[in-house]
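# Structural features, examined
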Amino acid sequence: MNYKTNIAHRKEALIKLLDVIITHENEIIEALYSDFRKPAFEAVLTETNYVISDLKDTIKNLNKWAKPKRVFPSILNFPSTDYIYKEPYGKILIIAPWNYPFQLALCPLISAVAAGNQVVLKPSELTPKTSEIITKIITKTFLVNHVEVMEGGVEVSQKLLSQRWDYIFFTGSVPVGKIVAKAAAENLTPVTLELGGKNPCIIDNTANLKLAAKRIVWGKFINAGQTCIAPDYILIQKDMKNHFMEFMKLEIIKAYGENPKLSPDYARIINEKNWLRLANMIEEKKVFFGGHTNIEECYIAPTLVDETGVDSLIMQDEIFGPLLPILSYENDAEINTIISKYEKPLSLYVFTEDKKFAQKIIKKYSFGGGCINDTVVHFSNKRLPFGGVGHSGIGAYHGRLSFDTFSHKKAIVKKANWLDLPMRYAPYKDKLKSIQKLLKWL
Ligand code: NAD
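Cut-offs used in this document
Residues numbered from 1 in each chain as written. Predicted model: local features only at pLDDT ≥ 70, side-chain atom pairs only at ≥ 80, totals over all residues. Heavy atoms only, no water. Near = heavy atom within 4 Å. Polar contact = N/O pair within 3.5 Å; in protein donor to acceptor, adjacent residues only side chain to side chain. Areas by Shrake-Rupley, 256 points an atom, 1.4 Å probe, with all protein chains shown as cover. Helix = DSSP H or I, 4+ residues; strand = E, 2+ residues; numbered from the N terminus. Domains from an automatic or database assignment. Buried < 20%, exposed > 50% of the residue type's maximum accessible area, 1.4 Å probe, protein only. Phe/Tyr/Trp six-rings, centres within 6.5 Å; stacked < 30°, edge-to-face > 60°. Lys NZ or Arg CZ within 6 Å of the ring centre and 35° of its normal. UniProt positions renumbered as here; feature names shortened; annotations may be inferred. Pairing = 2+ DSSP bridges.

This part takes up the site of the ligand. Around the ligand, the surrounding shell holds 28 residues, and the nearest of these are Lys122, Glu125, Ser173, Leu195 and Glu318. Here Glu194 contributes a backbone N or O atom positioned 3.5 Å from a nitrogen atom of the ligand. In the environment of the ligand, an oxygen atom lies 2.5 Å from a nitrogen or oxygen atom belonging to the side chain of Glu318. Out of a free accessible area of 840 Å², the ligand has 90% covered by protein chains. Going through the elements one at a time, helix 6 (154-161), strand 6 (167-171) and helix 7 (174-186) are the ones with two or more residues in the shell around the ligand. By residue number, the principal contributor to the shell around the ligand is helix 6, which donates 4 residues. Structurally, the shell around the ligand is a two-domain feature, drawing no fewer than three residues from each of domain 1 (7-195 + 389-410) and domain 2 (200-380).

Before going further, it helps to spend a moment on the side chain of Ser312. Mapped onto the fold, Ser312 is located in the loop between strand 13 (303-306) and strand 14 (323-329). Overall, Ser312 belongs to the buried group, its relative accessible area being 13%. There is a polar contact of 2.6 Å between the side chain of Ser312 and the side chain of Thr308.

Let's shift gears to unusual backbone geometry. Look at the link from Phe78 to Pro79: it is a cis peptide, with omega at 0 degrees. Looking at where Pro79 falls in the secondary structure, it is placed in the loop between strand 1 (69-71) and strand 2 (80-88). Put simply, Ala426 and Pro427 share a cis peptide bond, and its omega is 0 degrees. Structurally, Pro427 is set in the loop between strand 18 (407-415) and helix 14 (432-441). Phi is positive for Leu188, which is not a glycine, with a value near 50 degrees.

Two aromatic rings are characterised by how far apart their centres lie and by the angle between their planes. Counted under the stated rule, the structure contains 15 aromatic pairs. With a centroid separation of 5.9 Å and an interplanar angle of 85 degrees, the aromatic rings of Phe36 and Trp98 are classed as edge-to-face. Separated by 62 residues along the polypeptide, Phe36 in helix 2 (residues 25-36) and Trp98 in the loop between strand 3 (91-95) and helix 4 (103-114) bring together distant segments of the chain. The residues Phe36 and Trp98 share a single accessibility class, namely buried. Three or more aromatic residues link up through ring pairs in this structure, and these residues are Tyr50, Tyr89, Tyr167, Phe169, Phe379, Phe386, Tyr397 and Phe406. The residue whose ring lies beneath Lys198 is Tyr342, and the NZ or CZ to ring-centre distance is 6.0 Å. When the ring centre of Tyr50 is taken as reference, the NZ or CZ atom of Lys382 above it lies at 5.4 Å.

Next up on the list: the UniProt feature "domain: Aldehyde dehydrogenase" (unreviewed entry) in the protein chain. Per the UniProt record, "domain: Aldehyde dehydrogenase" (unreviewed entry) is annotated on residues 4-411. Within residues 4-411, the helical portion is 41% and the strand portion 19%, while the C-alpha atoms at the span's ends are 18 Å from each other.

We now examine the pairing of strand 14. In terms of burial, strand 14 is a largely internal element, 7 of the 7 residues being buried. Alternating positions in strand 14 separate into two faces, Leu323, Pro325, Leu327 and Tyr329 on one and Leu324, Ile326 and Ser328 on the other, with burial throughout. The sheet contact formed by strand 9 (residues 233-237) and strand 14 spans 4 bridges and is parallel. For Gln237, the partnering residue across the bridge sits in strand 14 and is Tyr329. Bridge count between strand 13 and strand 14: 4 bridges; the pairing is parallel. Looking at the pairing, Asp306 lines up with Ile326 of strand 14.

Written out as structure tokens, the structure reads:
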């Protein structure tokens, strides 16, 4: 099998992978439940089906994406035909996080394979059951020298990072992202860093509050708030706040019942360390709704926190859990003061009926991506790039862009021999005026 140059061989491997994943779908769903009680619905929507659909899309489009692309030639090279060839980088290291442990490991892997690379995948040690099933699936599908899984913790990751790679694709936290970038710099290895940030969700006084509450509750508390693009905090026009908080409370109860701990639709915090980190952020007197915790079950209720100051613990870093601070503003300057306090976030959401306000916010702030009048769903459109900017990440992927991410774009000019214009060749004597004229004309 020659995956580097033979598209049919790559396709064959991906078709096999699709078959193996479909065969093991129930085991994947069970593993995700066992790791942190991810509800089956969420497991299907955001993990297995997402990966299956990505695979189908890649298999369908692979020939088209891999074909050299003819581009308009430069008149300076006349006569020529110009192409972009997609070349596999070679050996790719993929390091995955725990929060969407199947999808965030498999999707980059699919594209790396589609683009003709060899892959080593390091899944998260915090979701051991999911890592185990990933290893099983990969071992059943690929030869070791094509795709290999290296399970283990930080030490395995560090060991892998000390080796030389042709591309590193990392999804995880900002501090570890910096470690990866430093390791990559040693060998000038290109990287994609899919990181996190403090994602604002702005609501003005024209917004449909009831619908906003419903969409925010879904985007925030899916996966128990452990989503890199979940709204991190709300910034709402002061007069609307009380009304909005009541709607939020109602929507939480509607989704998860009076006691979310008993809901089959509510996941758990990944481990005790993260539970402690989150539990520490809860200031009891600021809790408007929720706030219940249970360490044995790694449970933290969907929690609304009222008017916590920007200096409070919860407003220091990305929350990455089911706690939602609700801050109010009176004017645009106050929005700006808060948003500008943080590094560029991975996403931003704005709820408004005022088109001008929405445009102003979208254009004023730099962030990875986001939505007007919804949360999180920009992730699901494969035609949109997914990635951060500044501290929230480097590079982007999804759909065709994923294939391009794992391909070096090689520029080729195919020059014809039937004509060879003499202008560019030395000696240049008497040619300067003519070239200046020509360049001006072009
Ligand atoms: P993490 O950075 O702690 O771990 C990610 C991976 O890096 C794991 O496989 C881990 O083993 C490895 N790792 C951890 N410490 C390391 C070290 N010192 N040296 C080398 N490797 C190390 O992240 P996490 O806790 O798994 O995930 C949560 C973070 O990931 C959040 O910040 C979240 O926003 C971010 N995230 C981003 C995206 C995205 O697509 N942009 C998606 C999911 C999660």
